[in-house]
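Architecture and fold: a report
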Amino acid sequence: AQSVTQLDSHVSVSEGTPVLLRCNYSSSYSPSLFWYVQHPNKGLQLLLKYTSAATLVKGINGFEAEFKKSETSFHLTKPSAHMSDAAEYFCVVSDSTGFQKLVFGTGTRLLVSP
Amino acid sequence: DTEVTQTPKHLVMGMTNKKSLKCEQHMGHRAMYWYKQKAKKPPELMFVYSYEKLSINESVPSRFSPECPNSSLLNLHLHALQPEDSALYLCASSQDWTTGVNEQFFGPGTRLTVL
């Protein structure tokens, strides 16, 4: 069965500094991986997705993630944090059999200070 | 139109009430989903519809009754809910998965409070 582990429940950065949100996955086959962001009391917005094409995936708002099979990782990065990046981030793996159910990580709360 | 809309945004109901949540998308997606999200937790899948047919029911209590009247609409009928059912209810849609892995697009959710 597929699973994802988000290694940090909270990450705090200062505005203008780099962001690193860590995610490790477990899958018996080549996974499809996503990062979603959720601002308070809002729905989820897709940041980026990996589906076995390029291992470096660029998303919206300056975010990118690198798929590393040898490390079973899919970490999310951004060179310079903005106050508006403060939100909950979910790393997600898709069940590629049957109905492609999404398996969510527990989430990482990103805090951005001025 | 790349938006999933949900109504109402907020709903407060008593345990004896009957209410419905509504979800709509006009992206031509043939798969639609209901999720329940408790505070500080990831979303939990409740139901999946594919081509207007119920494909997955994640052992959800019968007080939640989904309905897919057409390919653009998804309803969730609520009856005799419990206070622990209070949560954010999210709707999502995606293209048919037979065309490959497709991301799900989420609506803004309905914040439900059961008194």
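Let me begin by describing the structure that accompanies this report. Since we're looking at a predicted model, the values are computed, not measured.

1. What to know about the overall build of chain A
For chain A, the helix and strand inventory stands at 0 helices and 12 strands. Beginning at the N terminus, the succession of helices and strands in chain A can be written as β-β-β-β-β-β-β-β-β-β-β-β. Here chain A holds 114 residues, and the buried ones make up 43% of them. For chain A, long-range pairs separated by at least 24 residues make up 56% of all intrachain contacts whose partners lie at least 6 apart in sequence. Per element, the accessible surface of chain A, about 5,300 Å² overall, is 53% carbon and sulfur.

2. A look at the interface of chain A and chain B
Chain A puts 22 residues into the contact, and the matching count from chain B is 21 residues. Roughly 1,800 Å² is buried in total at the junction of chain A and chain B, and carbon and sulfur atoms are behind 60% of that figure. Summed over the shared surface of chain A and chain B, the result is 2 salt bridges. Where Lys49 of chain A meets Glu103 of chain B, a salt bridge forms, and the shortest distance between an N and an O atom there is 2.6 Å. On inspection of chain A and its partner chain B, the count reaches 6 residue pairs in polar contact (both at pLDDT 80 or more). Listing elements by their share of the side of chain A that touches chain B, those giving two or more residues are β5 (32–38), β6 (44–50), β10 (87–94) and β11 (102–104) of chain A.

3. Considering the pairing of strand β4 (residues 23–26) of chain A
Residue and element names in this part refer to chain A. Residues Cys23 and Tyr25 point to one face of β4 and are all buried, whereas Asn24 and Ser26, pointing to the other face, are not buried. Here 4 bridges tie strand β1 (residues 3–6) to β4, and the two strands are oriented antiparallel to one another. Bridged to Gln6 within β4 is Cys23.

What counts and how
- Residues numbered from 1 in each chain as written.
- Chains lettered and ligands numbered in written order.
- Predicted model: local features only at pLDDT ≥ 70, side-chain atom pairs only at ≥ 80, totals over all residues.
- Heavy atoms only, no water.
- Helix = DSSP H or I, 4+ residues; strand = E, 2+ residues; numbered from the N terminus.
- Buried < 20%, exposed > 50% of the residue type's maximum accessible area, 1.4 Å probe, protein only.
- Contact = heavy atoms within 4.5 Å.
- Areas by Shrake-Rupley, 256 points an atom, 1.4 Å probe, with all protein chains shown as cover.
- Buried area = accessible area lost by both parts, 1.4 Å probe.
- Salt bridge = Lys/Arg side-chain N within 4 Å of Asp/Glu carboxyl O.
- Polar contact = N/O pair within 3.5 Å; in protein donor to acceptor, adjacent residues only side chain to side chain.
- Pairing = 2+ DSSP bridges.

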